[in-house]
Structure formats: C-alpha cells, structure tokens
Amino acid sequence: MPKDLMLFMLGRVFEKSQKRFASSPVELRLSKVGFIKAMMKINAVKIKERAIYKNLEALEKMKLIKYENKDMQLTKKGIIRYKKVFKKIGPYLETEEIIKSTRIPVRKTKLRIQ
C-alpha cells in the first residue's frame, strides 16, 4: 500500500475528528493500535494489520508522523505532505459525495435484442 494513501487516511481521521469536536474542549488521541483496528473494521484497506503497521513505521521514519505517549500525531512535514495528497485526491472525493447525495434522473432504457 502506498505510504501516501496511509498518510491520507490518517490525515482524514484527524481532520474529520477536529471538525466534529471543534466546539468542545475534546482532543482526539489516536494510538497506532486504535488506528489499525479502525481501518480494519471499516474495511478501508485490503491489507493485513502487519502491513498497516509497517506503513506507519515507514511514515515515522520519513518524519511524517510522530508519537507522544503512544499517541500518533502528524508532524509539520506530515501535514504539508497530507495537504499535497489531499489536493490530488480531494476533487475525486467531492465528486463521489455529490453523486451519492444527489438523485440522478435516469430514463428508462430500451432493450434491443440482437
């Protein structure tokens, strides 16, 4: 699994949780194990836990994430890289959301036997 995709998923989790808890003094703390279990539970990835763990280790070596008391955080470098990845993938996600939330009229089609 590409490291950018792993960084993207991690960044989205942090971004969505910050928006969700913006009006309260709650701060999201996410452990490596918690993130891996969450990704496996929602079937976000088609790889095994060990592969996710290895990808997170690679992100740490690249100094894109760091750990503080077993909790993961994006570094400044990680945030910059996440924003670049989001810039590439974001329009596709927005298009998918629009399609999901909009009722698209479909006319009845005629079947033709050949």
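What counts and what doesn't
- Residues numbered from 1 in each chain as written.
- Predicted model: local features only at pLDDT ≥ 70, side-chain atom pairs only at ≥ 80, totals over all residues.
- Heavy atoms only, no water.
- Helix = DSSP H or I, 4+ residues; strand = E, 2+ residues; numbered from the N terminus.
- Buried < 20%, exposed > 50% of the residue type's maximum accessible area, 1.4 Å probe, protein only.
- Contact = heavy atoms within 4.5 Å.
- Pairing = 2+ DSSP bridges.
- Axes fitted to C-alpha atoms, helices over the stretch in contact; angles between N-to-C directions.
- Parallel < 35°, antiparallel > 145°, perpendicular 65-115°, else oblique.
- Nonpolar A, V, L, I, M, F, W, Y, C, P; charged D, E, K, R; others polar.
- Core = buried A, V, L, I, M, F, W, Y, C linked by side-chain atoms within 4.5 Å.
- Salt bridge = Lys/Arg side-chain N within 4 Å of Asp/Glu carboxyl O.
- Phe/Tyr/Trp six-rings, centres within 6.5 Å; stacked < 30°, edge-to-face > 60°.

Q: Break down the overall build of the protein chain for me, citing the residues and quoting the values.
A: Of the regular secondary structure elements, the protein chain holds 4 helices and 3 strands. Mapped from its N terminus to its C terminus, the protein chain presents α and β elements in the order α-β-α-α-β-β-α. Classification of the 114 residues of the protein chain by burial places 26% in the buried group. Taking all contacts inside the protein chain whose residues are at least 6 apart in sequence as the whole, residues at least 24 apart take part in 56%.

Q: I'd like to hear about the sheet that holds strand β1 (residues 30-31), residue by residue, with values.
A: Read from one edge of the open sheet, 3 strands run β1-β3-β2, paired in antiparallel fashion. Sheet topology places β1 and β2 (65-68) at the edges, where each strand pairs with a single neighbour. Pairing of β2 with strand β3 (residues 71-74), which is carried by 4 bridges, proceeds in the antiparallel orientation. Within the sheet, the bridge partner assigned to Y67 lies in β3 and is M72.

Q: With reference to specific residues and values, describe the packing of helix α1 (residues 3-20) against helix α4 (residues 76-101).
A: Each pair of packed helices can be summarised by the angle the axes make with each other and by the distance between the axes. For the pair α1 and α4, interaxial distance at closest approach is 9 Å and the crossing angle is 90°. Between α1 and α4, the crossing angle belongs to the class labelled roughly perpendicular. On α4, the residues that touch D4, L7, F8, G11, R12 and E15 of α1 are G78, R81, Y82, V85, F86, I89 and L93. Residues that form the contact of α1 with α4 fall into these classes: 7 nonpolar, 2 polar and 4 charged.

Q: Any chance you could break down the nonpolar core for me, citing the residues and the numbers?
A: Core analysis: the largest hydrophobic core is formed by 20 residues, its most contacted members being L10, F35 and L56. Counting residues per element, the ones that place at least two in this core are α1, α2 (32-41), α3 (49-61), β3 and α4. Ranked by residue count, the leading element in this core is α1, at 6 residues. Apart from the residues lying within four places of it in its own chain, the contact partners of F35 are M6, M9, L10, V13, L30, L56 and M72.

Q: I'd like a description of the pattern of salt bridges, backed by residues and values.
A: Tallied over the entire structure, the rule returns 4 salt bridges. In this structure, D4 and R81 form a salt bridge, with 2.8 Å as the shortest nitrogen-oxygen distance. Of the two residues, D4 sits in helix α1 while R81 sits in helix α4, which places them 77 residues apart along the sequence. Its relative accessible area of 26% is what places D4 among the partly exposed residues.

Q: Can you break down the packing of aromatic side chains residue by residue, with the values?
A: Under the criterion given, the structure shown has 3 aromatic pairs. By the ring-pair criterion, three or more aromatic residues cluster together here, those being F8, Y82 and F86.

Read these as spatial facts, not as claims about activity.
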